[in-house]
There are 2 protein chains.
Amino acid sequence: MKAGIISIGDELLIGQTVNTNAAWLGQELGKFGISVYKATTIRDIKEDILQTVDEYINEADFIIVTGGLGPTNDDITKETLTEYFGTTLELNKQVLERVRFFFEQRGKEMLDSNIQQAMLPKDALILDNLHGTASGMWFEKSGKILVSLPGVPYEMEALIKEEVIPRIKSSFGIKGNYHQTLMLQGIGESFLAEIIENWEERIYKEGLHLAYLPSSGLIKLRLTSVKGNEEAGKINDYFDELRKELPQYVYGMNEETIFESVGELLKSKNATLGTIESCTGGGIASSFISKSGSSAFFQGGLITYSNALKHKLANVSLKSLEEFGAVSEEVAKEMALGGQKVLNVDYTIAVTGIAGPDGGTDEKPVGTVWIAIATPDGVFTEHYLFGEHRGRNIEKTGLYAANFLRKLILGINN
Amino acid sequence: MKAGIISIGDELLIGQTVNTNAAWLGQELGKFGISVYKATTIRDIKEDILQTVDEYINEADFIIVTGGLGPTNDDITKETLTEYFGTTLELNKQVLERVRFFFEQRGKEMLDSNIQQAMLPKDALILDNLHGTASGMWFEKSGKILVSLPGVPYEMEALIKEEVIPRIKSSFGIKGNYHQTLMLQGIGESFLAEIIENWEERIYKEGLHLAYLPSSGLIKLRLTSVKGNEEAGKINDYFDELRKELPQYVYGMNEETIFESVGELLKSKNATLGTIESCTGGGIASSFISKSGSSAFFQGGLITYSNALKHKLANVSLKSLEEFGAVSEEVAKEMALGGQKVLNVDYTIAVTGIAGPDGGTDEKPVGTVWIAIATPDGVFTEHYLFGEHRGRNIEKTGLYAANFLRKLILGINN
């Protein structure tokens, strides 16, 4: 079954609003094995709507149209679709009552433009919108289904879950796709592709679908079965192979962040964590606390941006700062160990580096980073040379530091 | 001039990644008076790419294609476009050198798949990607221009700004709209619209174009003149009116962040800053250091996530923690003042709050935040009740805290 999405609204094309509806619909429909083959965003212009709808009706089995159902003049989706499907508008008393009630509840007066919203296409199935004044509309034409929904995310989402999905499942007798995503950190897409070449071939022979989804500093490997849950075990087995073969990179599943993964690991060991950050300036700590419940393991941190504070807060010796410089293995170690005492925690992550774009030297170019981790068993370090991009360097430092801690806790060697 | 956007990638259609590139492109092109008439997202499938590209070549003057340029097997954009434009791939030695250097710098070995990335279409203009291994490609066909760019946002954005926009302006003789953007923090869109209603009417009478561009916690007001620079003075005068009328909200211009604005202010006064963060867990400090040169004013900070560390690091009295609770005006004040001493800085920002989704009470619901700022003249506080969403609460806390410091430094009353 081919499903398409048409998003209508100038605000999406000028970039005033990011089109999150399309992504949400892709995920939601995917759960039921409905795959979106194409998504198009167009302006509130009659010709554009007619042309695009016709294109999708010819190509797809099921089309979701969002937006352009508001009460203002620039919203022309309803009139245009009514014309396209060769029907006419009529007053829907039931909807009129609901809209009237909607305004009463909120102690607002109903405007003529809202009464107009109760004028709906005769030959469409009307989908009741409990969260707003614009109704959903279900059109059918030569076996194709087109559903028009409001663009307001929570109104659209409720209509999809409560009205559209149940009908679609029965209309098309759907059996769901099944997919799982393996999360990896610390390896490049092309390098990974070479390592798992044979594994990948076997995947394809099995008729499973593999997708590489690189996202800044991480790689997501998605395995999909069109046969639904029955191949869940098989997919898990294939992922287990990679877990065993690449434990230094594989840290989790399905959108879990490396910080969430490490946080769960620390909680499971009743261990506490603190951070001592220079070049990341608090970014690593903020990544750990972005998930609620982090207070169970994260105690706090020191942001030792200046050398004076490296010495004062983390007790880094002035001699080391002088002799080795702030960006050095020795200073990173002292930050980690000093912080472990001051913060009174089991583990610390300490980072010092040259984020750039300025401050690089031949000996220590921009992107040079030292990571030190203090554990109950001692202090360990890693050295990296990232790129020129400041933001990217800061982000990567955090990701690599978190994975380094994960490897140390689990006793994984590179 | 008609511009269209084609985004290629299964991950966008299954909703694993939200298509922020399309929105960014819509905004960026809009600055130069180039309006996007349509944006389509398609799968990494040859037929789909060929069909969609052909559709756009027929409809549009200028097409931007993003994604599908990675080194792995599922990336087929380059090969498919090469076929569509009737050319062939050849080894581009210059790009090969750049890619080799790219890996050398990072001390990594280059793989065959990366060498493949230096195989580029003969009849296309190659756009050098300084941030990655996938080059941009500029194709022309019967007066139409199609540009293919990597899907990684910062790689795509750099290529657009440095390579594409300048060429497009000359190719289409775009006189260039002139536009400036005013940045505001701390006011809602509809409330702002009410306050500046008359100002807005005069704008339209002048023939200037106004766009509200709300982005989490901020509002950008963009004024555009189709006459180019000649109306620069006029636009500046209109913005000056708002600066004078709304100094508590207007903090800067043209994509400047509130943290950059406050940083410049501190530098101009040779003043130093430190942070003492609880609910934001280092996020405020990391926002200040995300711009290079921040070491000129930012010294460091304390992340006092646990109560124990509020006491130990920032010298918050156990009595206050006991009597008023961690999320209280008194504790925020003591954090700010204690941190000012420990960090030995002129100004501190201290925040303590309930980010949620758990931990709220009737008395202190989720979203409750206390901000205290210590200055050379004393300590000042603000209290907020944000929403339910943890991420947004953390983000808003930082934005409001930075603007609070800005107002204190400039002596602006709310």
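Residues numbered from 1 in each chain as written. Chains lettered and ligands numbered in written order. Predicted model: local features only at pLDDT ≥ 70, side-chain atom pairs only at ≥ 80, totals over all residues. Heavy atoms only, no water.

In the nomenclature of an unreviewed UniProt entry, chain A corresponds to CinA-like protein from the organism Brumimicrobium glaciale. One UniProt comment on chain A, placed under Sequence similarities (unreviewed entry), says "Belongs to the CinA family." (UniProt positions renumbered as here; feature names shortened; annotations may be inferred.)

Chemist: When you look at the overall build of chain A in this model, what are you seeing that I'm missing?
Modeler: Assigned secondary structure in chain A consists of 16 helices and 17 strands. Rg of the C-alpha trace for chain A: 28 Å, well past the compact-globule value of 22 Å for 414 residues, more than 25% over. C-alpha extents for chain A along the principal axes are approximately 85 × 55 × 40 Å. Pairs at least 24 residues apart make up 66% of the contacts formed inside chain A by residues separated by at least 6 positions. (Helix = DSSP H or I, 4+ residues; strand = E, 2+ residues; numbered from the N terminus. Rg over C-alpha atoms; globule rule 2.2 N^0.38 Å. Contact = heavy atoms within 4.5 Å.)

Chemist: Sorry if this is basic, but what is going on with the packing of helix α9 (residues 197–205) of chain A against helix α10 (residues 232–245) of chain A here?
Modeler: Axis angle and axis distance: for two packed helices, these are the angle between their axes and the distance between the axes, and together they describe the pair. Residues and elements named next belong to chain A. Interhelical geometry of α9 versus α10 gives an angle of 180° and a closest axis separation of 12 Å. Judged on the interaxial angle alone, α10 and α9 are roughly antiparallel. Every residue of α10 that contacts α9 at W199, R202 and I203 is listed here: Y238, F239, E241 and L242. Tallied by class, residues from the contact of α9 with α10 come to five nonpolar, no polar and two charged. (Axes fitted to C-alpha atoms, helices over the stretch in contact; angles between N-to-C directions. Parallel < 35°, antiparallel > 145°, perpendicular 65-115°, else oblique. Nonpolar A, V, L, I, M, F, W, Y, C, P; charged D, E, K, R; others polar.)

Chemist: What's the story with the sheet that holds strand β2 (residues 35–42) of chain A in this structure? I'm lost.
Modeler: Two modes of strand pairing occur in sheets, parallel and antiparallel, and in both the strands are linked by backbone hydrogen bonds. Pairing within the open sheet is mixed, and its 12 strands lie in the order β6(A)-β7(A)-β8(A)-β3(A)-β1(A)-β2(A)-β2(B)-β1(B)-β3(B)-β8(B)-β7(B)-β6(B). Both edges of this open sheet fall to β6 (125–127) of chain A together with β6 (125–127) of chain B, since each of them pairs with a single strand only. Across the sheet, the axes of successive neighbouring strands diverge by a mean angle of 15°, strand direction being ignored. Strand direction decides the pairing type here: strand β1 (residues 2–8) of chain B and strand β2 (residues 35–42) of chain B, joined by seven bridges, are parallel. The partner of B:G4 across the bridge, within β2(B), is B:K38. Set on the sheet, helix α7 (residues 153–172) of chain A makes contact with β3 (62–66), β6, β7 (136–141) and β8 (144–149) of chain A; between it and β8(A) the angle comes to about 170°. (Pairing = 2+ DSSP bridges.)

Chemist: Looking at this model, I keep getting lost on the environment of A:P150. Mind explaining?
Modeler: Residues and elements named next belong to chain A. Looking at the element boundaries, P150 is found in the loop between β8 and α7. A residue is classified by how much of its surface remains accessible, and P150, at 3% relative accessible area, is buried. Between the alpha carbons of P150 and K169 there is a distance of 21 Å; along the sequence they are 19 residues apart. Contact partners of P150, with chain neighbours within four places excluded, come to T66, G67, L69, N129, A134, E155, M156 and L159. (Buried < 20%, exposed > 50% of the residue type's maximum accessible area, 1.4 Å probe, protein only.)

Chemist: For this particular structure, what's the right way to read the interface of chain B and chain A?
Modeler: One frequently used descriptor of interface size is the decrease in accessible area upon assembly of the parts. Chain B puts 78 residues into the contact, and the matching count from chain A is 78 residues. Between chain B and chain A, roughly 5600 Å² of surface is buried when both sides are summed, and carbon and sulfur atoms account for 54% of that area. Linking chain B with chain A are 31 residue pairs in polar contact (both at pLDDT 80 or more). Of the residues forming the side of chain B that touches chain A, the biggest block, seven residues, is contributed by β2(B). Classifying every residue of the side of chain B that touches chain A gives 28 nonpolar, 32 polar and 18 charged. Pairing analysis gives three bridges linking strand β14 (residues 298–303) of chain A to strand β14 (residues 298–303) of chain B, with the strands arranged antiparallel. (Buried area = accessible area lost by both parts, 1.4 Å probe. Polar contact = N/O pair within 3.5 Å; in protein donor to acceptor, adjacent residues only side chain to side chain.)

Chemist: Any chance you could explain the domain arrangement of chain A here in plain terms?
Modeler: For chain A, the assigned domains are domain 1 (2–172), domain 2 (178–253) and domain 3 (258–410). Computed over C-alpha atoms only, the centres of domain 1 of chain A and domain 2 of chain A are separated by 36 Å. (Domains from an automatic or database assignment.)

Chemist: Got a minute to help me understand the side chain of A:S190 in this structure?
Modeler: Mapped onto the secondary structure, A:S190 falls in helix α8 (residues 189–195). Here A:S190 falls in the buried class, since its relative accessible area comes to 9%. Among residues more than four places away in sequence, those in contact with A:S190 are B:P71, B:L111, B:S113 and B:N114.

Chemist: Help me out: how do you make sense of the sheet that holds strand β11 (residues 218–225) of chain A in this one?
Modeler: All names here are of chain A. Taken together, the four strands give an open sheet; going across it, the order is β10-β11-β9-β12, and neighbouring strands pair in antiparallel fashion. The sheet terminates laterally at β10 (209–215) and β12 (250–253), the two strands that pair on one side only. Across the sheet, the mean angle from the axis of one strand to that of its neighbour is 25°, orientation sign disregarded. Sheet topology note: the strand β9 (residues 178–185)/β12 ladder contains three bridges and is antiparallel.

Chemist: Explain the side chain of B:Q299 to me, please; I cannot follow it from the model alone.
Modeler: Positionally, B:Q299 belongs in strand β14. In this structure B:Q299 comes out as buried when scored by relative accessible area, which is 18%. Once you skip the residues sitting within four places of it in the chain, B:Q299 turns out to touch A:I303, A:T304, A:Y305, A:S306, A:L309, B:T272, B:L273 and B:V345.

Chemist: Hey, could you run me through the pairing of strand β16 (residues 368–375) of chain B in this one?
Modeler: Look at any regular strand and the pattern is simple: side chains alternate between the two faces of the sheet. Residue and element names in this part refer to chain B. Taken across its eight residues, β16 has eight buried, putting it largely inside the fold. Going residue by residue along β16, you find T368, W370, A372 and A374 tucked away on one face and V369, I371, I373 and T375 tucked away on the opposite face as well. As paired elements, strand β15 (residues 347–353) and β16 share six bridges and run antiparallel to each other. Paired with I349 across the strands is I373, a residue of β16. Bridging between β16 and strand β17 (residues 378–385) involves eight bridges; their strand directions are antiparallel. Bridge pairing in β17 links I373 to F380. The loop that links β16 with its antiparallel partner β17 comprises two residues.

Chemist: It is not clear to me how helix α4 (residues 77–84) of chain B should be interpreted in this structure. Could you clarify?
Modeler: Helical geometry: 3.6 residues make up each α-helical turn, so side chains three or four residues apart lie on a common side. Counted residue by residue, α4(B) has six buried out of eight residues, so it is predominantly covered. Directly after α4(B), the chain includes B:G86, whose backbone phi takes a positive value near 60°.

Chemist: Which parts of the structure should I look at to understand the pairing of strand β13 (residues 273–277) of chain B?
Modeler: Residue and element names in this part refer to chain B. The buried fraction of β13 amounts to five of the five residues, a majority that puts the element mostly inside the structure. Residues L273, T275 and E277 point to one face of β13 and G274 and I276 to the other, with burial holding for every one of them. Pairing of β13 with β14, which is carried by five bridges, proceeds in the parallel orientation. Opposite L273, over in β14, you have F298 as the bridge partner. Viewed along the sheet, the connection from β13 through helix α12 (residues 283–289) into β14 turns out right-handed. (Right-handed = clockwise from strand over helix to strand, strands pointing away.)

Chemist: What is the right way to read the confidence of the model for chain A from this model?
Modeler: Fine structural detail should not be taken from predicted coordinates in areas where pLDDT scores are low. Mean pLDDT for chain A: 93, with 100% of residues reaching 70 or above. Model confidence for the complex is summarised by a pTM of 0.81, with the ipTM given as 0.81. (pLDDT = per-residue confidence, 0-100.)

Chemist: I tried to follow the packing of aromatic side chains on my own but got confused; where do I start?
Modeler: Between two aromatic rings, the relevant description is the distance of the centres plus the angle of the planes. Taken as a whole, this structure holds 22 aromatic pairs over all chains when the rule is applied. Judged by centre distance (5.3 Å) and plane angle (10°), the ring pair of B:Y384 and B:F386 falls under stacked. When its relative accessible area of 17% is taken as the criterion, B:Y384 is described as buried. Taken together, the ring pairs in this structure connect A:Y84, A:F85 and A:F139 into an aromatic cluster. (Phe/Tyr/Trp six-rings, centres within 6.5 Å; stacked < 30°, edge-to-face > 60°.)

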